[in-house]
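# Coordinate inspection notes
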Amino acid sequence: MRLRRWRRMSVPYALALLGSAWMIVLFLIPLISQLSVSLMTGDPEQGYNLTWNFGIYAELFGPGAAVPYALFLGRALLFGGAATLITILVGYPVAYFLAFRVPRRWKTPLLSLVVMSLLVSFIIRTYMWGFILGGHGPILTWLRALHLAGPDFHILDTAGAVIGGLAYNSFPYMVLPIYAVLERIDPRTFEAAADLYASPRVGFFRTTLPLSRAGIFSGILLVFIDSVGDPVNSQLLGGKTTYMIGQAIQDSYLIQQQYNVASALSAVLMLALGVILFAYARFFGTENIEDLV
Amino acid sequence: MTTSARDTAEAAVSLSGVSRRFSDTVAVENLDLDLAPGEFFALLGPSGCGKTTTLRMVGGFELPDSGRIRLGGQDVTNLPPHKRDVNTVFQSYALFPHLNILDNVGFGLRRSGVSKAEADRRSNEYLDLVGLSGFGRRRPTQLSGGQQQRVALARALVNHPKVLLLDEPMGALDAKIRKSMQLELKRIQREVGITFLYVTHDQDEAMSMADRLAVMNMGRIEDMGEPHRVYDRPATEFTAQFLGACNVLPLLADASGAHLPDGSAVVVDGRAAPAGAGWKIGIRPEKLHLQPVGEASPAPAAANSTTATVTEISYLGASTDVVLATPWGSVVQAYVQNTGAERPVARGDEVRLSWHSSQCFYLPPGEVHTGDDETETEAAA
């Protein structure tokens, strides 16, 4: 009897143990090792040693930095923010349409269509955009043939191309959480708003939008974090003027093999994202933590 | 209180010839309805009878295919919900989960341009009215079902609509709370004096609260009037069966009057015997008297009396539920009050079944649509 009860009581702890082990092995240890690697000095030939070199942060981001990493970080935050804004503006109506306007039997096929883009490799998708928007791609060829674009006009290598690529790749991550939240709202709520003299427009801003805040918040988390750290879009769709922090991390790690630099850049990126998202969560006014989940 | 809206110059709500179809099914057919100002009116019927569709058309959530809807004389047939001076208490309450109770109640006031301070003041007043003072800062999810319903009521009433629509508002409440809410709702309605249009499938609710009620079936009004009139003299067999229990016995009519299949005469106060086939007589189970055949009164069998055999007895404490079979095979139910005076009947007993001529009613053959005017005079009889 007692053993059985002990067993039953221990089950939640056993389950928690698994989760905790997962977090420690796959998150906490890599995080600590990353932070410690950032404080090492050395070179790819001789190897790296932990020398508690805190100076590296000032070296990389200070005023006299050899490579403008602060600029790359700022650009990444700007591009990521722009891409997030675009996914909200485009994704919200899509999610709204799917949740409220589409007949029930069309919901699953249309949702699958949104998710379908994720089935194609992210790299291939981005490459295809590079081809489509490229100098010899169909769009520019047509634009030139119609004399709508001059011979020097290009789409690739611009901030617009990179932001567009980021927004395109993150699109489902914005649509799905917003859809999930909208779908859960009792449609009588909208009738109640209309019943209480709210025009459709006022009703949307007074009920639908605030009620879907949690979905927008999740979407922003997913899209913003993913876009700011992304190394692929700026590499495949951008050029020198669109170099972002994610690319810098990747290049310093894989090409220059400056593991300490890569780790330090990544730590600063993480800190920047953390501060921004925390401030945003506070600013967005979440009285109830349940509103976020 | 007036019992018929036609007495007053202007009805609070008036539906004339309203129909609504959904693809190939008719939800509401050629409906006429007038509610007097300050009236508590119940629309009663089984699910799918069109009562909720009727309510939603008054609220503006459905548009009628034909007919007109007027509110206090103003034609609102095609106005969207937010432009109608009507408020609704939804079955699921539909409170705004992201707003606290005070802001929920004040939502309509704010939309119609009332200042925040004034909206808060009036909202608190109505929270007092429904017995929820001090709940303003809470969220809807922190309230019980009964409390949420009171909030929904306050949220609608605070706007002083021309008519308040209530869509089975007690559907989600348990029986005990429901009973006390009925009394409370009636009190609130008297206090605010707003016209209530109350939709329900629960006959007890409709009968206990409504000044007048209409029984709906298949998109039509079967009968309409004061609860006791509709109960005592229902216009149709459907109404008789839906509103409480009712024994319906077949009638044979000829020149000498109406008879039951065994030849016993039937008389209904104030009504001539019906001519034509298919008429029936309705008697409520509590209006039947049972007497063992042996000790029947010496007087010869008068009208409104027949014999039957007891087939089933259920003792319920206050009363006994007796099921009987007539010689021609009809099943009759009788509720006998256990006053201690009568000798109890037993299964298999042959009994004399009788009823008073003022407590039975003729039921027309088939389905007959009957309006208020036709039956009003008979009720007075």
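Residues numbered from 1 in each chain as written. Chains lettered and ligands numbered in written order. Predicted model: local features only at pLDDT ≥ 70, side-chain atom pairs only at ≥ 80, totals over all residues. Heavy atoms only, no water.

### Structural notes on the confidence of the model for chain A
Residues and elements named next belong to chain A. Residues with a pLDDT of 70 or more make up 97% of chain A, whose mean pLDDT is 90. The spread of mean pLDDT over the elements of chain A runs between helix α1 (residues 2–38), the lowest at 87, and helix α3 (residues 69–101), the highest at 96. Long-range and interchain partners of residues 289–293, a stretch whose pLDDT sits below 50, account for nine contacts in this model, where long-range means more than four residues apart. (pLDDT = per-residue confidence, 0-100. Helix = DSSP H or I, 4+ residues; strand = E, 2+ residues; numbered from the N terminus. Contact = heavy atoms within 4.5 Å.)

### Quick look at the packing of aromatic side chains
The description of an aromatic ring pair uses the distance of the two centres, along with the angle that the planes make with each other. Taken as a whole, this structure holds 17 aromatic pairs over all chains when the rule is applied. Where A:Phe72 meets A:Tyr243, the ring centres are 4.7 Å apart and the plane angle is 65 degrees; that geometry is what we call edge-to-face. With a gap of 171 residues between them, A:Phe72 in helix α3 and A:Tyr243 in the loop between α11 (232–237) and α12 (245–254) connect regions that are remote in the sequence. Feature note: the residues A:Tyr92, A:Tyr96, A:Phe100, A:Phe190, A:Phe204 and A:Phe205 constitute an aromatic cluster, connected by ring pairs. Across the ring face of B:Phe107, the terminal group of B:Arg111 is positioned such that the distance to the ring centre comes to 4.7 Å. Cation over ring: B:Arg284 sits above B:Tyr231, and NZ or CZ is 3.9 Å from the ring centre. (Phe/Tyr/Trp six-rings, centres within 6.5 Å; stacked < 30°, edge-to-face > 60°. Lys NZ or Arg CZ within 6 Å of the ring centre and 35° of its normal.)

### With respect to the environment of A:Ser20
Residue and element names in this part refer to chain A. Here Ser20 is to be found in helix α1. Taking relative accessible area as the criterion, Ser20 reaches 35% and is therefore assigned partly exposed. When the C-alpha positions of Ser20 and Leu78 are compared, they lie 35 Å apart, and in sequence the two are 58 residues distant. Here the side chain of Ser20 touches Ala16 through a polar contact of 2.6 Å, landing on its backbone oxygen. (Buried < 20%, exposed > 50% of the residue type's maximum accessible area, 1.4 Å probe, protein only. Polar contact = N/O pair within 3.5 Å; in protein donor to acceptor, adjacent residues only side chain to side chain.)

### Some remarks on α12(A)
Residues and elements named next belong to chain A. For α12, the buried fraction is high: seven of the 10 residues fall into the buried class. All of the buried residues along α12 are Ile245, Gly246, Gln247, Ala248, Ile249, Asp251 and Ser252. Those residues of α12 that are buried are in contact with α3, α10 (213–228), α11 and α13 (259–283).

### A few points about the interface of chain B and chain A
Chain B puts 23 residues into the contact, and the matching count from chain A is 21 residues. Taken over both partners, the interface formed by chain B and chain A buries close to 2,000 Å², and the fraction arising from carbon and sulfur atoms is 59%. When the buried area of chain B at its contact with chain A is split by residue, B:His82, B:His98 and B:Arg111 rank highest and sum to 30% of it. Viewed at the interface, chain A and chain B are joined by one salt bridge. Between A:Glu191 and B:Arg56 there is a salt bridge whose closest N-O contact spans 2.7 Å. (Buried area = accessible area lost by both parts, 1.4 Å probe. Salt bridge = Lys/Arg side-chain N within 4 Å of Asp/Glu carboxyl O.)

### A closer look at the sheet that holds strand β21 (residues 360–363) of chain B
Two strands in a sheet stick together by hydrogen bonds in their backbones, pointing the same way (parallel) or opposite ways (antiparallel). Residue and element names in this part refer to chain B. Read across the sheet, three strands follow the order β11-β15-β21 without closing on themselves; strand pairing throughout is antiparallel. What marks the edges here is a single partner per strand, and that holds for β11 (247–250) and β21. Strand-to-strand twist in this sheet, taken as the mean axis angle between neighbours without regard to direction, amounts to 30 degrees. The sheet contact formed by strand β15 (residues 280–283) and β21 spans four bridges and is antiparallel. Bridging across to β21, Ile281 finds its partner in Tyr362. (Pairing = 2+ DSSP bridges. Axes fitted to C-alpha atoms, helices over the stretch in contact; angles between N-to-C directions.)

### Details of unusual backbone geometry
The phi angle at A:Tyr197 is positive, at roughly 70 degrees, despite the residue not being glycine. By secondary structure assignment, the location of A:Tyr197 is in the loop between α8 (188–195) and α9 (200–211). Positive phi, normally seen in glycine, also occurs at B:Met218, with a value near 50 degrees. Following the sequence through the fold, B:Met218 ends up in the loop between β9 (212–217) and β10 (220–225).

### Description of the state of the cysteines
In total, this model carries zero disulfides over all chains according to the counting rule given. The thiol sulfur of B:Cys49 is not disulfide-bonded, and the nearest other cysteine sulfur, from B:Cys246, lies at 19 Å. (Disulfide = S-S within 2.5 Å.)

### Here's the deal with the pairing of strand β16 (residues 289–292) of chain B
All names here are of chain B. Of the two faces of β16, the one lined by Leu290 and Pro292 is fully buried and the one lined by His289 and Gln291 carries no buried residue. Where β16 meets strand β20 (residues 350–354), four bridges bridge the pair, whose relative direction is antiparallel. By the bridge assignment, Gln291 is partnered in β20 with Arg352.

### Notes on the environment of A:His136
Residues and elements named next belong to chain A. Tracing the chain through its elements places His136 in the loop between α5 (122–133) and α6 (138–145). Looking at His136, the relative accessible area reads 80%, which means it is exposed. Each C-alpha atom of the pair His136 and Ala159 lies 19 Å from the other, and the pair is 23 residues apart in sequence.

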